[in-house]
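The primary structure of each chain is shown beneath.
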Amino acid sequence: MKKVIIIGATSGIGYEVAKGYLKLGWHVGIAGRREEALKKLRATNPDKIEIQALDVTKEDAPEKLQLLIDKLGGMDLFLLSSGIGSQNIALKPDIEINTARTNVGGFIRLVTAAFHYFKEQGGGHLAVISSIAGTKGLGSAPAYSATKRFQNTYIDSLAQLSRMEKLNISFTDIRPGFVQTDLLKDRNYPLLMKPDHVASRIIHALNHKKRVAVIDRRYACIVFFWRMIPSWLWERLPVKSK
Ligand SMILES: NC(=O)c1ccc[n+]([C@@H]2O[C@H](COP(=O)([O-])OP(=O)(O)OC[C@H]3O[C@@H](n4cnc5c(N)ncnc54)[C@H](OP(=O)(O)O)[C@@H]3O)[C@@H](O)[C@H]2O)c1
């Protein structure tokens, strides 16, 4: 039976992807800080779900990932969905620093742990959920967009490192557009997608081992044109949600 571990599966996209893999008959390991939410999901399918509470910002997170791998009896696919983000037009430094602690510090901590595991094991599939927000710097959410760009570049780097070292690791960088989850709960965004729709597109991309997957086609189109906007013009555009 195939084994997937999803970090950040207590709500939103990670939660829906976990449910999707359960339907496909996979053995699923789920993690996040909210243990009650993990237990609740496990109760729906106790034979197929293993749980582990962990906080990606804490130093013991890699040990806890290893505990979860042991409970599951291995790991074929690792998916990091943990992340935080908020608009910060007032540019409060604590919001910016906290975002970086989770989306950069926590990201490095878990992704490197998964990389080392797959290196040791002789292969595997390492996937992360970044965002289209990394395409260009967003004035309304500086740390969020910058940390998402960091994630894109980090996975590019690991993909090259893996080839240099002749490791059998596949990488997928998943970049969703706006999704109706807790992350966006306080604001109105255009073209909001339902998390279950996004999860099924993500599973499709993972099954095809896509290297970069923008979810969905409408956002792929937006990103295509977005990239063509020159910096001098981009800086003058007031991009923000209501
Ligand atoms: N919603 C969107 O429009 C959108 C678009 C593009 C990309 N994304 C990305 O998708 C990912 C999932 O977000 P979502 O939209 O599904 O929001 P969400 O429902 O708020 O889910 C965030 C997940 O991250 C986990 N998490 C947060 N901080 C953590 C920490 N310190 N340690 C461990 N887990 C932590 C949360 O679990 P606990 O609270 O239980 O720890 C939760 O499971 C994020 O990386 C986000 O940037 C979202």
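Higher on the page you've got the structure.
Bear in mind that the values here come from a model prediction, so they are computed numbers and not experimental data.

K.L.:
Just checking my understanding: could you explain the packing of helix α1 (residues 12-23) against helix α6 (residues 195-207) for this structure?
P.N.:
The description of two helices packed together rests on the angle between their axes and the distance between the axes. Following both chains from N to C, one finds α1 and α6 inclined at 60°, their axes separated by 8 Å at the closest point. Taken together, α1 and α6 sit at an angle that is classed as oblique. Seen along the crossing, α1 lies across α6 with a hand that is right-handed. Mapping the contact onto sequence places Gly-12, Ile-13, Glu-16, Val-17, Gly-20 and Tyr-21 in α1 and Pro-195, Asp-196, Val-198, Ala-199, Ile-202, Ile-203, Leu-206 and Asn-207 in α6. In terms of residue class, the contact of α1 with α6 is made up of 9 nonpolar, 3 polar and 2 charged.

K.L.:
Can you help me understand the pairing of strand β4 (residues 77-80) in this one?
P.N.:
Taken residue by residue, a regular strand's side chains alternate between the two faces of the sheet. Burial along β4 is two-sided: the face carrying Leu-77 and Leu-79 and the face carrying Phe-78 and Leu-80 are both buried. Two strands pair when backbone bridges link them, and strand β1 (residues 3-7) and β4 are joined in this way by 4 bridges, in the parallel orientation. The residue of β4 that forms the bridge with Ile-6 is Leu-79. Following the backbone out of β4, through helix α4 (residues 93-121) and into the adjacent parallel strand β5 (residues 124-129), one traces a crossover that is right-handed.

K.L.:
Looking at this model, I keep getting lost on unusual backbone geometry. Mind explaining?
P.N.:
For residues other than glycine, phi is negative in most cases, and the peptide bonds are mostly trans. Asp-216 follows Ile-215 through a cis peptide bond whose omega is -5°. With respect to the helices, strands and loops of the structure, Asp-216 is situated in the loop between β7 (212-215) and α7 (217-228). Phi is positive for Lys-166, close to 55°, though the residue is something other than glycine. For Lys-166, the location among the structural elements is in the loop between α5 (142-164) and β6 (169-176). Its identity is not glycine, yet Lys-209 carries a phi of approximately 50°, on the positive side. For Lys-209, the position within the fold is in the loop between α6 and β7.

K.L.:
Whenever I open this one, the site of the ligand confuses me. Can you help?
P.N.:
Lining the immediate environment of the ligand, one finds 31 residues, of which Thr-10, Arg-33, Tyr-144, Val-179 and Thr-181 sit closest. The separation between a nitrogen atom of the ligand and a polar side-chain atom of Asp-55 is 2.8 Å. Contact between the ligand and Lys-148: an oxygen atom at 2.9 Å from a side-chain N or O atom of the residue. Isolated, the ligand exposes 870 Å² of accessible area, and the fraction of that covered by the protein chains is 96%. If you list the elements that add at least two residues to the shell around the ligand, you get α1 and α5. Class assignment of the residues belonging to the shell around the ligand gives a composition of 12 nonpolar, 14 polar and 5 charged.

K.L.:
Looking at this model, I keep getting lost on the pairing of β1. Mind explaining?
P.N.:
Taken across its 5 residues, β1 has 5 buried, putting it largely inside the fold. With 5 bridges joining them, β1 and strand β2 (residues 27-32) adopt parallel strand pairing. For Lys-3, the partnering residue across the bridge sits in β2 and is His-27. Once the chain exits β1 it traverses α1 before rejoining the sheet at β2, and the crossover so formed is right-handed.

What counts as what
Residues numbered from 1 in each chain as written. Predicted model: local features only at pLDDT ≥ 70, side-chain atom pairs only at ≥ 80, totals over all residues. Heavy atoms only, no water. Axes fitted to C-alpha atoms, helices over the stretch in contact; angles between N-to-C directions. Helix = DSSP H or I, 4+ residues; strand = E, 2+ residues; numbered from the N terminus. Parallel < 35°, antiparallel > 145°, perpendicular 65-115°, else oblique. Left-handed = near helix turned anticlockwise from the far one by under 90°. Contact = heavy atoms within 4.5 Å. Nonpolar A, V, L, I, M, F, W, Y, C, P; charged D, E, K, R; others polar. Buried < 20%, exposed > 50% of the residue type's maximum accessible area, 1.4 Å probe, protein only. Pairing = 2+ DSSP bridges. Right-handed = clockwise from strand over helix to strand, strands pointing away. Near = heavy atom within 4 Å. Polar contact = N/O pair within 3.5 Å; in protein donor to acceptor, adjacent residues only side chain to side chain. Areas by Shrake-Rupley, 256 points an atom, 1.4 Å probe, with all protein chains shown as cover.

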